[in-house]
Amino acid sequence: MTRNTGLKVKYWKHQMLLAFDQVKKTYTDTEGEIEVLRGVNFEITAGKTVALTGESGSGKSTVLHIACGLEAATEGSVQMLGRELTVMDDAGRAALRRNDVSLVFQQFNLIPSLTVAANVSFHATLCGRLDQKYIESLIEALGLNDHLQRYPEALSGGQQQRVAIARALAMRPKLLLADEPTGNLDEITADAVLQQMLSLVHETGASLMLVTHSPKIAALMDYELKLHGGVVT
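Residue positions are given per chain, counting from 1 as you read along its sequence in written order. Owing to the predicted nature of the model, reporting of local features is limited to residues with pLDDT of at least 70; listing and counting of side-chain atom pairs is limited to 80 or more, with chain, interface and lining totals taken over all residues. Working from all heavy atoms in the structure, the side-chain values ignore hydrogens and water.

Asks: Could you clarify how one ought to interpret the side chain of histidine 147 in this entry?
Replies: Secondary structure follows DSSP: runs of H or I at least 4 residues long count as helices, runs of E at least 2 residues long count as strands, and numbering of each begins at the N terminus. Here histidine 147 lies in the loop between α4 (132-141) and α5 (157-170). Buried residues are those whose accessible area, probed at 1.4 Å on protein chains only, stays under 20% of the maximum for their type, while exposed residues exceed 50% and partly exposed ones sit between those limits. The exposure class assigned to histidine 147 is buried, which follows from its relative accessible area of 12%. If we ignore the near neighbours within four places in the chain, the residues touching histidine 147 are Val116, Leu155 and Gln159. Working rule for contacts: check all heavy atoms of both residues, and any pair within 4.5 Å makes them a contact.

Next comes the structure, spelled out in structure tokens:
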């Protein structure tokens, strides 16, 4: 069961957050070119939760990386909040990740020299959006109160995952991108954390694009995008 955090809702109603138009991605290795994405098309508007599904190796993580500017599309258009990512320089894409987009990766990417409390606050502080009461609500909702002065190496995988989710939400992103965010959690904890994450995402007005192999998790999203053969079906 989710808890009401009392957070102020901040909507970008009907705003187009992310749009892929004929996006292609090709990698080159010793054996030649490998075309992972062959013309991906989709749009995500504010307030929506989206599951990105597909078999292993179908390019789901590549879509996330292109969406946040960590990788460049080989061809096509990628628009975030009306800005064209394909013509942005590195500084522009970094600013986008700092101010508008949060990411939750399978590797967590927590800062080992910072406590849980400092990790959760890090991104919000970086973008000038630190709200201590809001962060306290996140910490309470995700069950991290007893771990605030611990360091990442002292936490279990599931605890680290919850810290990563709290950090991603703490800066009040317009778009949250998550790659198998419950993959390191047991089933009961995964259900609880996912439900709370969805609740918190809606309360902050953000949208969520979540990579998952789970039909159960996909069914909780507003809609599903299936990657097959390098395109969305």
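Asks: Sorry, what's going on with unusual backbone geometry here?
Replies: The bulk of non-glycine residues show a negative phi, and the bulk of peptide bonds are trans. Unlike most non-glycine residues, phenylalanine 108 shows phi in positive territory, near 75°. Counting through the fold element by element, phenylalanine 108 comes out in the loop between β6 (101-104) and α3 (116-126). The exposure class assigned to phenylalanine 108 is buried, which follows from its relative accessible area of 10%. Positive phi values are uncommon outside glycine, yet asparagine 109 reaches one of about 55°. Relative to the helices and strands, asparagine 109 resides in the loop between β6 and α3.

Asks: What exactly am I supposed to notice about the packing of α4 against α5 here?
Replies: A pair of packed helices is characterised by two quantities: the angle between their axes and the separation of those axes. One can describe the packing of α4 onto α5 by two numbers: an axis separation of 10 Å at closest approach and a directional angle of 150°. Taken together, the axes of α4 and α5 are roughly antiparallel relative to one another. Seen along the crossing, α4 lies across α5 with a hand that is right-handed. Judged by residue contacts, Tyr134, Ile135 and Leu138 of α4 engage Ala166, Leu169 and Ala170 from α5. The classification used treats Ala, Val, Leu, Ile, Met, Phe, Trp, Tyr, Cys and Pro as nonpolar, Asp, Glu, Lys and Arg as charged, and all other residues, Gly among them, as polar. When grouped by side-chain class, the residues that make up the contact of α4 with α5 number six nonpolar, no polar and no charged. Fitting a line to C-alpha atoms yields each axis, with helices limited to the stretch in contact; the angle taken between N-to-C directions then spans 0 to 180 degrees. Angular relationships are summarised with four words: roughly parallel below 35 degrees, roughly antiparallel beyond 145, roughly perpendicular across 65 to 115, and oblique for the angles in between. The crossing is said to be left-handed when, going from far helix to near helix, the turn is anticlockwise and less than a right angle, and right-handed when the turn is clockwise.

Asks: How should I be thinking about the sheet that holds strand β8 (residues 207-211) in this particular structure?
Replies: By definition, the strands of a sheet pair up through backbone hydrogen bonds, in either a parallel or an antiparallel sense. Any two strands are treated as partners once DSSP identifies two or more bridges connecting them. In space, the six strands of this open sheet follow the order β6-β7-β8-β3-β9-β10, with mixed pairing throughout. Either end of the sheet is taken by a strand with one partner, and the two such strands are β6 and β10 (231-232). Relative to strand β7 (residues 175-179), β6 runs parallel, the two being bridged by four bridges. Among the inter-strand pairings, leucine 103 is bridged to a residue of β7, identified as leucine 177. Across the sheet, helix α1 (residues 60-67) touches β3 (49-53), β7, β8 and β9 (223-228), and the angle it forms with β7 is around 150°.

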